[in-house]
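What follows is each chain in one-letter form.
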Amino acid sequence: MASSATIDNHAVPPDAGLRAFARRFRHGDEVAHIITLIFGAVILLITSLIVYELWINSHLSRAKFGLSFFWGRQWDPVFDNYGAAPFIYGTLVTSAVALIIAVPLGLAGAIFLAELAPRKLSDSVAFLIDLLAAVPSVIYGVLGIFVLVPLVRTVIGPALIHSVGYLPYVGRLFQPPNYGVGFFTAGLVLSIMIVPFIISVSREVLLTVPREQREAALALGATRWESTWKVVVPWARTGIMGSIFLALARALGETMAVAMVIGNDPKIVTSLLAPGHTIAAVIANEFTEATGDLYLSALIELGLVLFFMTFILNGLARILIVATERGGGHHS
Amino acid sequence: MSNLRLAWRKGLNIVMLSLTGVAAFLVVAVLFLILGFLIYNGAKSLNWAFFTQLPKPVGETGGGMGNAIVGSLKLLLLAAVMGLPVGLMAGVYLAEFGGKTFSFVIRYTTDLLNGVPSIVIGIFAFAVAVVPVKHFSTLAGGLALGFMVIPITVRSTEEFLRAVPGSLREGAMALGASKWRTIATVVLPAAGGGILTGMLLSLARVAGETAPLLFSAFSNTYWSPGWGQPTASLPVMIYRYALSPYDDWHRQAWAGGLVLLSLVLIANLGCRLILNRRGSFRSV
């Protein structure tokens, strides 16, 4: 990879003056360069246009509510009063539930695939997990409504209420009413959707950890688990964090599956079993029905908030992943 | 004391390592559970009418999602026409021409664009393609999907171009070919198979997208002639039918889900098998 890049840069001598430029231009190299460059710039243009359109179209709402939009708890289309707090809360809570389930599961799975499984098995399982990542979100929504919601209503929910529900503090998270739809079910669906990302990226990061690290730990008398948990995982820490951020960004922005099981009730409640709402879900549900200009503008401002949340997370995730993969390369 | 400690460490070793295996097994099991549920519930409602007929009004049983299937194909065609060329050319730029700083900026932006939530892409398509003409259209839906195709295509194109050995480029140039000729006649054909499969994968991914279509292509209970009218699409239809209170529509939603999932998984399976034979390919 690196070698071909070097060749590219030096295939044409850096500078041979105007005549050389004219010659290359005649050959079409500069033309091809500029044309492809324009297409690259189109990507920059689209991304900035997205920000621009969201910003301009949310003008009404931003002018009217200002920063109070973020802590306003009312969402009232009848009186044209909009606050984003319940949606931001719902988005964060469902994503947190998803991470609490998906991170241990995903990390453990990645450890198994990178450290224990023979390479062939590891590759085939990773292949299946990539397929899982390709399942469209509306399919998760259908399974959520018809399979998970009844399951939470009749089995998982009551079980949680009657066991964890009695504990101090944590118990407050699992209180009736339990309709089956709500933060918990949405988080559960999300966790299934983001696990493939955590496993897939973490596995690759773990595989870049040099073998000497493992051998050194084992030679000092560490068990296999100790060498993995105390040496290999810390080594790959940043990359694993990157995969988690990537997964979190996906969970925050996930729309359909959540919209189908969240219960569509913009309230801030402690119980995870209660129905709630998320930013993406309310946009999906109410956008086409938004009659007033201010209503539409408030929904678009929610889109802007969501955009920045995922934008920042994705940015961080990419930096972390690149940093570890490069770091791994230096040490090996 | 030390014996006890050793036993504890060995025990912990076995327990934790087994748990990692259980975790991996659980995640793979989910895939098969999903497949199982869809086949069990969807296959019952699949028949020829499902593929050819229009949806029936509430209360009448039967009918199908013919218009949604055609709608999805039209949207994908538009997405391919609008998104793939941009992705391909930008990928060529990154792999063959790009300098340091500007390529980094484009690459980074591409990743960010890839991470933009699909519902936000929907709002964007609404703002640029629905508001100006004041009605939902197939074109707006295709545009929304086109935006989503671009970043995936860029990354796969760049990766396959970079996998082409430098000696091929040198060979062509040594024969006196200019750089763009080398790219067009040697490098691109060498990476062609991979690039095409990468494109197919990106289309398979957007084929299941629902959120960007909700307020661009919208929905339609009839056939949608031409490109200027709202159109039904498979994912949106599944969404609306699954949320409806009617048993017959639920049945159809399962069937639609099975059709959609089969298409997406078969495309993925085929592409990934081809790609795996050619070398590594990262999807995320």
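Residues numbered from 1 in each chain as written. Chains lettered and ligands numbered in written order. Predicted model: local features only at pLDDT ≥ 70, side-chain atom pairs only at ≥ 80, totals over all residues.

Participant: Explain the overall build of chain A here, please?
Facilitator: When helices and strands are counted, chain A shows 15 helices and two strands. Principal-axis analysis of the C-alpha atoms places the extent of chain A at approximately 75 × 65 × 35 Å. Counting over 332 residues, chain A shows a buried share of 51%. Considering only intrachain contacts with a sequence separation of at least 6, the fraction spanning at least 24 residues in chain A is 76%. (Helix = DSSP H or I, 4+ residues; strand = E, 2+ residues; numbered from the N terminus. Buried ≥ 20, exposed ≤ 12 C-beta atoms within 10 Å, placed from the backbone. Contact = placed C-beta atoms within 7 Å.)

Participant: Looking at this model, I keep getting lost on the overall build of chain B. Mind explaining?
Facilitator: Secondary structure assignment for chain B yields 10 helices and zero strands. Scanning chain B from its N terminus toward the C terminus, one meets helices and strands in the order α-α-α-α-α-α-α-α-α-α. Expected size for 284 residues packed as a compact globule is a radius of gyration near 19 Å; at 24 Å, chain B overshoots this value by more than 25%. When the backbone C-alpha atoms are referred to their principal axes, chain B occupies close to 75 × 70 × 35 Å. Looking at the 284 residues of chain B, the share that counts as buried comes to 51%. Expressed as a percentage of contacts within chain B between residues at least 6 apart in sequence, the contacts between residues at least 24 apart total 73%. (Rg over C-alpha atoms; globule rule 2.2 N^0.38 Å.)

Participant: Looking at this structure, I do not really get the confidence of the model for chain B. What am I missing?
Facilitator: Caution is warranted with low-pLDDT regions, since their predicted coordinates should not be read in detail. Residue and element names in this part refer to chain B. Looking at chain B, the pLDDT average stands at 89 and 97% of residues meet or exceed 70. Element-level mean pLDDT values for chain B span from 85 in helix H2 (residues 48-52) up to 94 in helix H5 (residues 118-130). For this predicted complex, the interface score ipTM comes out at 0.90, while the overall pTM is 0.89. (pLDDT = per-residue confidence, 0-100.)

Participant: I keep staring at the interface of chain B and chain A and nothing clicks. Help me out?
Facilitator: One widely used convention gives an interface's size as the accessible area the parts lose upon coming together. Taken together, the 78 residues of chain B in the interface contact 80 residues of chain A. The biggest single contributor to the side of chain B that touches chain A is helix H1 (residues 2-42) of chain B, with 18 residues. The class makeup of the residues in the side of chain B that touches chain A is 54 nonpolar, 14 polar and 10 charged. (Nonpolar A, V, L, I, M, F, W, Y, C, P; charged D, E, K, R; others polar.)

Participant: Help me understand the domain arrangement of chain A in this model?
Facilitator: Each domain of chain A was delimited in the assignment, giving domain 1 (12-57) and domain 2 (65-331). Computed over C-alpha atoms, the centres of domain 1 of chain A and domain 2 of chain A are 38 Å apart. (Domains from an automatic or database assignment.)

Participant: How should the packing of helix H10 (residues 211-219) of chain A against helix H11 (residues 224-235) of chain A be read in this particular structure?
Facilitator: Packed helix pairs are specified by the crossing angle of their axes together with the interaxial distance, meaning the distance between the axes. Residue and element names in this part refer to chain A. In contact at an axis separation of 9 Å, H10 and H11 are set at 145° when each is read in the N-to-C sense. Two packed elements cross with a definite hand, and for H10 against H11 that hand is right-handed. Contact with H10, carried on its side by Gln213, Arg214, Ala217 and Leu218, involves Glu226, Ser227, Val231, Val232 and Trp235 of H11 and no other residues of that element. Residues that form the contact of H10 with H11 fall into these classes: five nonpolar, two polar and two charged. (Axes fitted to C-alpha atoms, helices over the stretch in contact; angles between N-to-C directions. Left-handed = near helix turned anticlockwise from the far one by under 90°.)

Participant: Explain the domain arrangement of chain B to me, please; I cannot follow it from the model alone.
Facilitator: Residue and element names in this part refer to chain B. Each assigned domain of chain B is listed here: domain 1 (2-45) and domain 2 (48-278). Here domain 1 and domain 2 have C-alpha centroids that lie 34 Å from each other. Class assignment for the residues of the side of domain 1 that touches domain 2 results in three nonpolar, three polar and no charged.

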